[in-house]
Amino acid sequence: MLRTLVIAAHPDEPELYAGGTSALLARAGHAVKFLTLTNGDAGHHELERAPLARRRAEEAWRAADALGVVDYEVFDVHDGLLEPTVELRLRLMREIRAWRPDLVIALHGDGAGHPDNRAAGKLAEQAVELVTVRNVECGKPALERQPVCLLMTDYASGPVHRDDVVVDVAPVAQAKLDACLAHASQFLEFAPFQRGLLDQVPSAGDVDACRAFVDKHWSEFLGPETFELAPYGRQADAAELRRLIPFGEERLTR
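Here goes a summary of the coordinates provided. (Residues numbered from 1 in each chain as written. Predicted model: local features only at pLDDT ≥ 70, side-chain atom pairs only at ≥ 80, totals over all residues. Heavy atoms only, no water.)

**Examining the packing of helix α6 (residues 184–195) against helix α7 (residues 207–217)**
Relative to each other, α6 and α7 sit at 40°, their axes nearing to 12 Å. For the element pair α6 / α7, the angle class is oblique. The way α6 lies across α7 gives a crossing that is left-handed. Along its contact with α6, which presents Phe187, Leu188, Pro192 and Arg195, the element α7 presents Cys210, Phe213, Val214 and His217. When grouped by side-chain class, the residues that make up the contact of α6 with α7 number six nonpolar, one polar and one charged. (Axes fitted to C-alpha atoms, helices over the stretch in contact; angles between N-to-C directions. Helix = DSSP H or I, 4+ residues; strand = E, 2+ residues; numbered from the N terminus. Parallel < 35°, antiparallel > 145°, perpendicular 65-115°, else oblique. Left-handed = near helix turned anticlockwise from the far one by under 90°. Contact = heavy atoms within 4.5 Å. Nonpolar A, V, L, I, M, F, W, Y, C, P; charged D, E, K, R; others polar.)

**Focus: the pattern of salt bridges**
Within the structure shown, the criterion is met by 16 salt bridges. The residue Glu59 makes a salt bridge to Arg55 at a minimum N-O spacing of 3.2 Å. Here Arg55 and Glu59 lie together in helix α2 (residues 49–67), a separation of four residues that amounts to about one turn. Notably, a salt bridge pairs Asp164 with Arg162, separated by 2.8 Å at the nearest N-O pair. Here the salt bridges share partners, and the residues they tie into one network are Lys33, Asp71, Glu73 and Glu95. (Salt bridge = Lys/Arg side-chain N within 4 Å of Asp/Glu carboxyl O.)

**Comments concerning the layout of surface pockets**
Put simply, the largest pocket is a space of about 490 Å³. Asp12, Tyr17, Tyr155, Gln186 and Gln194 are, among the 21 residues lining the largest pocket, the residues nearest its centre. At six residues, the largest contribution of residues to the lining of the largest pocket is made by α6. Residue classes in the lining of the largest pocket are distributed as nine nonpolar, six polar and six charged. The calculated volume of the second largest pocket comes to roughly 150 Å³. (1 Å grid on protein atoms, 1.4 Å probe; cavity = no way out; pocket = protein on both sides within 12 Å on 5 of 7 lines; lining within 4 Å. Points joined across faces, edges and corners; volume = space filled by probe spheres on them.)

These results come straight from atomic positions and should not be treated as a statement about function.
See the structure below:
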């Protein structure tokens, strides 16, 4: 059994950007954990921070159930205020050492887009670089080797993203849609509010219509999932990538 850790900034991002791959790994008998470095408590047009954070944590676990993800950890850090501090680097190191992943999937640390996403990418890189250094103490023993690390694309990272691994997630498309729908506060409320689509949102009880709504408005993230081999972590060749993601197509150019 292999172990994968998906690190993002906000609850709902692991599902949208790597949910299909995670579901395929889970179906193959591997252990997948999601970890978000903020609690998502800024992402709503009506709810205040505290009740929103509680709701998003509940939504995260429903999404995990839809995908077969065995653990979902949400750091109690305010949405919109994530910074790559030493304190958070050590906290993330501790979680990586505790989970002992073979594979880490993280966000890009550079580029445009939400500052939390870029900070989450930087923190993942910094933490992975030190997980094998025994004299950098964080409450968990150092790992013997670094995990292989892949970068997932988000809504703003396309210009800097390279498709080193492409995963056809069609076999788990419904599971990914249901994981997104578990985050109703985002896909049926806040994001439609931001996009001026609230009047088009179906009744939450009409699951098929809600799936169709998400499929229509987030189509760019519901096809094949692509990943870039990160410049940090253990460097993998095509054979090792096939071992870690046996249903992926490798397009390594370096």
